[in-house]
Each structure stands twice: as C-alpha cells, then as structure tokens.
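Coordinate inspection notes
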Amino acid sequence: MSESRLTAAFRKGRPALVTYLMAGYPDRDSSLEALRAAARGGADVIELGVPYGDPLADGPVIAEAAKVAREQEGGFGLIHALQVAEAFTADPGVEEAPPLVVMTYLNPLMRLGLAEAAARMREAGAAGVIVPDMPPEAGAAWKRVSEGLDTVFLVAPTSTEERIAVVTAASQGFIYCVSATGVTGERETLALGLADLVGRIRAYTPLPVAVGFGVGTPEQAAQVAAIADGVIVGSAVVKRQRDAGEVEAFVRELAAAVRA
Amino acid sequence: MTEVFLPSAEMAYSTPDAQGFYGPYGGTFVPETVVPALGELAVAYEEAIADAAFLEEFAYLLHDYVGRPTPLYRADRLADAHRLRAVYLKREDLNHTGAHKINNTIGQCLLARRMGKTRVIAETGAGQHGVATATTAALMGLECAVFMGTEDIRRQALNVYKMRLLGAEVVPVSDGTGTLADAVTAALRHWVERVEDTFYVIGSAVGPHPYPRMVRDFQSIIGSEIIAQLEEKALPPVDAVVACVGGGSNAIGTFYPFLRDVPVEERPLLVGAEAAGLGLETDKHGAALSKGSPGVLHGFYSYLLQDEAGNPLEAYSISAGLDYPGVGPEHSYLKDEGLVRYESVTDIEALEAFALLTRTEGIIPAIESSHALALLPRLAAELGEDATVVVTVSGRGDKDMDIVREAGLGE
C-alpha cells in the first residue's frame, strides 16, 4: 500500500509543522486567504476547523472563532467549510499544497449523513479528518464510508497502554498526541512527560506522531519538534487569523523554528 | 434492593448493552482524554453494585439521611377536580433538599469516595442538583465545585447562596446562553482537565456511558417504592404512571422498575411530560423527543434539538430543570420502541397544574413536576372516571416562588 498524502507530509526528513485555521472566521473569504497564507508560510499540513456550537475540546480562542463564524449571515457549518476547503485545494497559491485535514465534531457529520459528508470531503480534496469526540470505538460507522480519507485519532496523556494500542491501530495518516489534559489553547509551559508519551506511542506504530494542544510560540514549537514528527499549532494561529499577512509571518516563524 | 442494580438476562427489558447502548442511543462520544476515566468508572460501578456493603450504605443513607421511603399519597381533592377515581402522588418533594436529585448524588458520591476521589464537580440548571451535590459533598467531606450558567445564577440566587453555605464553590459559566447546556459543557471541559482527582457527578440520566445507566439505577428507588407501596395498599393495578422529562432522571427512575418487573400486559400506561414552553409551533420549547432528531451532544447519541448544520439549539421552558436541548438516551429508545408515551406541556398548562395542586392539596410542587401534573386532565379524558393515575412529584416548588409570582399566580 502506498503511503498516504498525509503520512508523506511528515516524511520530509525533518519535523513537520501543522497549523490549524477556523473555516469561516471571520468570514468565508478571509479564512480562504488565511489558508493560502499558511501554505505560503510553510505549513506542511493544514487542519481546517469546522465551526460548531458545542466545541467541547476547544479553548476560548477557537470557541470564540467558531462562534463568530457561525453567527455570520446565513450561518456557517460543515458544508460551507468544505466549500472553503475545495476553493483552497483548487487554488492553494503555492506549488506544492499542504494536505488538508478537516477537524470537525461528530454531530455535524451525522447531521449531513456520514456517507454524504465523506463524499463531500473527498470532492473538496481533503486528505483526512479529525473528530475529537469520536474515539475509535465509536468510529466504526464512519470508517465504513470514509475510504480515501485518513481518519486521525488522538492519544491523550491519560491514555493507558491498552488505549494507546487501540488508538494507534485505528489511526490513519498520523497520530495526534494531545500534550496536556484540558482543552485546546496556549500554555506557558509544555507538559512534563511529553517525550515519554511520544515514546510510548512510537512503540505501537510506525505512523508519524504529531503533538498538539498548548503549543503557542516558536520556542515551544522547537522544543516539541525535538521529540516528535510534527508540531500542531492552533489557537496561536487562529488568534492572528483576521490578518492573512500576520498568519503568513507567524507560520514562517514557526516553520523556521520547527526546522532549525 | 440488590435486584435493582443487577438485572438478570431473563428479564424481558434489559438495557443498556455493555457499551452503553439503548438500541441505537447512548454510547460514548467524548474526547480521548476522558475515555480512560469513563472506562474506569464503568468498572468501579460494576464492582460497587456487586458489593453488599456499598448497597447497604446507599440504602442506609437514603433511609436515614434522605428520609426515604417517600409517601405515595392519595390526593382525593385533586382526583375529584379531574374526575378521576384516584390520583397517587409519589412525594419526591419530601426528600431532604426537596427533590429526587439527592437519590443520585448519594449514589455517585459514595462511588467517588470508593474510587478514592477527593473532589466532585457537578453542573446545575435550577440549582437542585447543585444543592444536592453540595449537600452530599458536605456529608461525605468531599471538595465540591458546581458549574452554573450566569443566567441561571441570576434566576436561582437562593440556591446559589445555599450551595456556598454548604461549602461548595459555584463556578459561573457565561458561555452560550448561560444556562444548563453550557454548564454541562463547562463541567465536562473541566473534568477533561482534572480527571485524575475529580469525579463528575452528572445530575440527569444523560452523558456518556455509564452515566445514564448509573443515574437510572440510583433513581429507580422511586419506581421500586411505587410498586411496593401499591402492593402494600393492596390496590388494583393503576392505569397510568406519569413523570416529567428534562434530561429524564426522575422519569426513568419512575418507569424503569415498571418496565423491568411488570409484564407488558399488566403494565400501566407510562407517560413522560416534556416542556412545550411557549408551544411546539414556536422555537421556544424543550421538547427534544417530540420535536428533535437524533444526534450527539454531551457525549451521547439521543433525540436532540438541533439546527440544519447539527449545532445544538437553545431549549426554553419556564422551568430551569426542563430547558435542556437533549434527553436521556433510554427515553429515546423507549419512545422508538413505543414502551413509553411522551407528550408535551406548555408553560401555561404547567402553571395551571401548579395552582390546582397548591389549592386542592396544599402541596406546592416544582414547576418541573407541574408538567407531569398537567397531563391529568388529558388522561382523565382518555381513560375515563374509573381510572387511577400515579404522578411523580419530583420536587417542591419553593425555588419557583419568584417565577410563579412573575406569572401572576395568587394575585
């Protein structure tokens, strides 16, 4: 089996930078511009967040961005987010576009219908999907209809060995390692024991391991890059999302730190 | 009481399955961070209910501390007013702290202590579950934090004060509309962060597995007592049993023993009353079963008020305990299977029922419970004057004085 687009993005002989952006924030066109800016800045993978009304796993920055996106005229949900994704993959503005991973809560997928949602994601050119409230045991129905899309599952600091085995066996593309308990958002220091957690995950899978939750500065990104295959930066990018120029400059800084 | 907790395979009604599913409903849809904790909880719960000492302590506290069994009171003047042969009220309002909520908090806090947790958190809407949790935490020497929407804090100032008196921290939640659903989300988020030392005491038969089952089991003392009390009084079988449904804990606690122990041909009609708020034709109601569609919220799959994009909608009811956009997964299953009938009751109907019980019996019910009472005229019309109906009065109405005064009752 050939390696997926997503996995390949982590296999460039150096750690990869994954940046998260919220679709539709502050509006459709600005979020599309922010995606292109992140690509120009050197993101290796882009996570595209779908605005949702009960963002259980997200901290204040991403929750607020989702709220602003949803409250624009006509609303903004999964269908609209995939339109942004499609516009980006059709014209990413860079020669080699980073693969796009859709990050959505489960209910928007269910509401649209799992098969329909998967079909639209494929049409939009998405490489994969992350569903933070869908642990592997709850993912069977989705897996049945999502061929051609990598479904990325998450390992948390609280995961037992048994859970790490379950999650790594189910995950495709890469393993999302949650660095700290709690919600997304920047933290002053990185969690102790992170290197140990990444090591434990690696014992179960050859897939790349990317670390997210709490990484907000180039310094922290460099620290994480020293122990993982990828660094995921979310809230700190979304905070700058209203200004594509700022997104590009910040992503460039992060990319340099990760690759140093 | 052991049999309540250990249903056997021969029983006709046996839910949920090992993964916490009631038909298609229920399950565990949560971030990985709490999955291990939920697994641990499910195991600890199974162990606890197989331990006679745990069940004895639970029974002892319900009896000596909560004041159970609560009476099954024959409300003759209310029955006359509705032209029914008899109406029996299951008086959960007479429990310590004034509502059924404490049946569950005693059970969950005992489990928290058994698991070595030193701290409990809870969400609350009207404040009844918050007060019950704060009370139980004080009793057991546990640290306690209660998440409550800022709008509910404003509406339920007295309960906020009570919780603080009891030593609990009340954490204001200003997200969303500042009501129950936001408080649940905030409590879940907090639990994700402090899962090592903290036990989340969920107040209704909702949330990820094993919560809906645990809450049902702890609350099923209500229905078990009703069945035993009807037998004691040597009464002929009753025609209908009614309870209100928000998340649905007093209702499932009332219905479950009937579903489990009474053969279908002898089983009374079981009816749940949801909040129709300003009317089902408006968008101001809390009737997830009548008007919602299946979806995932707060970690479980069930009927849900949601928009086209799958976002949860804001629920509305005059009663803070019924304005939840979802409903316990077992109720969704019971609705689909036709084992329980769900109707909805408007604010005005509930207020009328509130006034009638107050005036005919001298019992001031919670507005939540008034939704169940409001089904009596409909049942009288349907079943005729020979019918006997049991209504679970889930709580007392002291907390609702401001609301009924604003509505103009007693003027």
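**Some points on the overall build of chain B**
A count of helices and strands for chain B gives 18 helices and 14 strands. In terms of C-alpha radius of gyration, chain B reaches 19 Å, essentially the compact-globule figure of 22 Å for 411 residues. Projected onto the principal axes, the alpha-carbon positions of chain B cover approximately 55 × 50 × 45 Å. Looking at chain B as a whole, 64% of its 411 residues qualify as buried.

**Describing the sheet that holds strand S5 (residues 119–124) of chain B**
Residue and element names in this part refer to chain B. The 4 strands are arranged S7-S6-S5-S8 in an open sheet whose pairing can be described as parallel. For this open sheet the edge positions go to strand S7 (169–173) and strand S8 (198–201), each flanked by a neighbour on one side alone. For this sheet, the mean angle separating the axes of adjacent strands, direction not counted, is 25°. Judged from the 5 bridges that link them, strand S6 (residues 143–149) and S7 form a sheet pairing that is parallel. Within the sheet, the bridge partner assigned to Phe147 lies in S7 and is Val171. Lying on the sheet, helix H5 (residues 101–114) is in contact with S5 and S8; it crosses S8 at an angle near 165°.

**Here's the deal with the interface of chain B and chain A**
Each side of the interface is counted separately: chain B has 29 residues, and chain A has 33 residues. Together, the buried faces of chain B and chain A total about 2,400 Å²; carbon and sulfur atoms form 56% of this surface. Broken down residue by residue, the surface that chain B buries against chain A is led by B:Phe29, B:Glu32 and B:Arg189, which jointly contribute 26%. Where chain B packs against chain A, one counts 2 salt bridges. A salt bridge links B:Glu32 to A:Arg163; the nearest nitrogen and oxygen atoms lie 2.7 Å apart. Among the elements of the structure, helix H2 (35–49), helix H9 (180–193), strand S11 (293–297) and strand S12 (300–304) of chain B are those that each provide at least two residues to the side of chain B that touches chain A. Of all the elements, H9(B) adds the most residues to the side of chain B that touches chain A, at 5 residues. Residue composition of the side of chain B that touches chain A, by class: 14 nonpolar, 9 polar and 6 charged.

**Description of the sheet that holds strand S4 (residues 128–130) of chain A**
Residue and element names in this part refer to chain A. Strand order in the open sheet made by the 9 strands is S5-S4-S3-S2-S1-S9-S8-S7-S6, with parallel pairing throughout. Each having just a single partner strand, strand S5 (150–152) and strand S6 (154–155) make up the two edges of the open sheet. Where strand S2 (residues 45–49) and strand S3 (residues 100–103) come together, 4 bridges link them in parallel fashion. Considered in S3, the bridge of Glu47 is made with Val101.

**Some details on the confidence of the model for chain B**
Averaged over chain B, the pLDDT score is 94; the fraction of residues at 70 or greater is 97%. Complex prediction metrics read pTM 0.95 and ipTM 0.94.

**Quick look at the packing of helix H6 (residues 128–140) of chain B against helix H8 (residues 157–165) of chain B**
All names here are of chain B. Running from amino to carboxyl end, H6 crosses H8 at an angle of 10°, the nearest separation of the two axes being 9 Å. With respect to H8, the axis of H6 lies roughly parallel. Like other packed secondary-structure pairs, H6 and H8 cross with a definite hand, here left-handed. Residue-level contacts link Gln128, Gly130, Val131 and Ala134 of H6 to Asn159, Lys162 and Met163 of H8. Of the residues in the contact of H6 with H8, the class split is 3 nonpolar, 3 polar and 1 charged.

**Brief notes about the side chain of B:Thr135**
Residue and element names in this part refer to chain B. Looking at the secondary structure, you find Thr135 in helix H6. Its relative accessible area of 5% is what places Thr135 among the buried residues. In this structure, Thr135 is in contact with Tyr65, His96, Thr97, Ile102 and Leu166, ignoring residues within four places of it in sequence.

**As for the environment of B:Arg378**
All names here are of chain B. Following the sequence through the fold, Arg378 ends up in helix H17 (residues 376–383). Overall, Arg378 belongs to the partly exposed group, its relative accessible area being 28%. A C-alpha to C-alpha distance of 38 Å links Arg378 and Leu61, two positions 317 residues apart in sequence. When residues no more than four places from it in sequence are discounted, the contact partners of Arg378 are Glu343, Ser344, Val345 and Glu349. Polar contacts involving the side chain of Arg378 include one to the side chain of Glu349, which spans 3.1 Å.

**Quick word on the environment of B:Leu94**
All names here are of chain B. Relative to the helices and strands, Leu94 resides in the loop between strand S4 (86–91) and H5. Along the chain, Leu94 and Leu322 lie 228 residues apart, while their C-alpha atoms are 20 Å from each other. Not counting the four nearest positions on each side in its chain, Leu94 is found in contact with Val66 and Pro71.

**Remarks on the pattern of salt bridges**
Pairing between side chains of opposite charge can happen when the charged atoms of each approach one another. Counted according to the given criterion, the structure contains 40 salt bridges over all chains. For A:Asp91, the salt bridge goes to A:Arg36, with nearest N and O atoms at 3.6 Å. Note that A:Asp91 is positioned in the loop between helix H4 (78–90) and S3 and A:Arg36 in helix H2 (residues 28–41), a separation of 55 residues in sequence. Take A:Arg36: its relative accessible area is 13%, and that puts it in the buried class. The partner of B:Arg396 in a salt bridge is B:Asp398, with the nearest N and O atoms 3.5 Å apart. Classification of B:Arg396 by relative accessible area gives partly exposed; the value is 32%.

**As for unusual backbone geometry**
Cis geometry is adopted by the peptide bond preceding A:Pro26, which originates at A:Tyr25 and carries an omega value of -10°. As for its position among the elements, A:Pro26 is in the loop between strand S1 (16–22) and H2. Note that the residue after B:Arg68, namely B:Pro69, is joined by a cis bond; omega there is 0°. Take B:Pro69: it is sitting in the loop between helix H3 (52–66) and strand S3 (72–74). Phi at B:Arg83 is positive, roughly 55°, even though this residue is not glycine. Among the structural elements, B:Arg83 can be located in the loop between helix H4 (76–82) and S4. Located in the positive-phi region is B:Thr97, a residue other than glycine, with phi close to 75°. Here B:Thr97 shows up in the loop between S4 and H5. Taking relative accessible area as the criterion, B:Thr97 reaches 16% and is therefore assigned buried.

**Concerning the side chain of B:Asn250**
Residues and elements named next belong to chain B. By secondary structure assignment, the location of Asn250 is in helix H12 (residues 249–261). Of the polar contacts made by the side chain of Asn250, one reaches the backbone oxygen of Cys244; its length is 3.3 Å. Leave out the neighbours within four places in its chain, and Asn250 touches His100, Ile222, Ala243, Cys244, Thr392 and Ser394.

Conventions we followed
- Residues numbered from 1 in each chain as written.
- Chains lettered and ligands numbered in written order.
- Predicted model: local features only at pLDDT ≥ 70, side-chain atom pairs only at ≥ 80, totals over all residues.
- Heavy atoms only, no water.
- Helix = DSSP H or I, 4+ residues; strand = E, 2+ residues; numbered from the N terminus.
- Rg over C-alpha atoms; globule rule 2.2 N^0.38 Å.
- Buried < 20%, exposed > 50% of the residue type's maximum accessible area, 1.4 Å probe, protein only.
- Pairing = 2+ DSSP bridges.
- Axes fitted to C-alpha atoms, helices over the stretch in contact; angles between N-to-C directions.
- Contact = heavy atoms within 4.5 Å.
- Buried area = accessible area lost by both parts, 1.4 Å probe.
- Salt bridge = Lys/Arg side-chain N within 4 Å of Asp/Glu carboxyl O.
- Nonpolar A, V, L, I, M, F, W, Y, C, P; charged D, E, K, R; others polar.
- pLDDT = per-residue confidence, 0-100.
- Parallel < 35°, antiparallel > 145°, perpendicular 65-115°, else oblique.
- Left-handed = near helix turned anticlockwise from the far one by under 90°.
- Polar contact = N/O pair within 3.5 Å; in protein donor to acceptor, adjacent residues only side chain to side chain.

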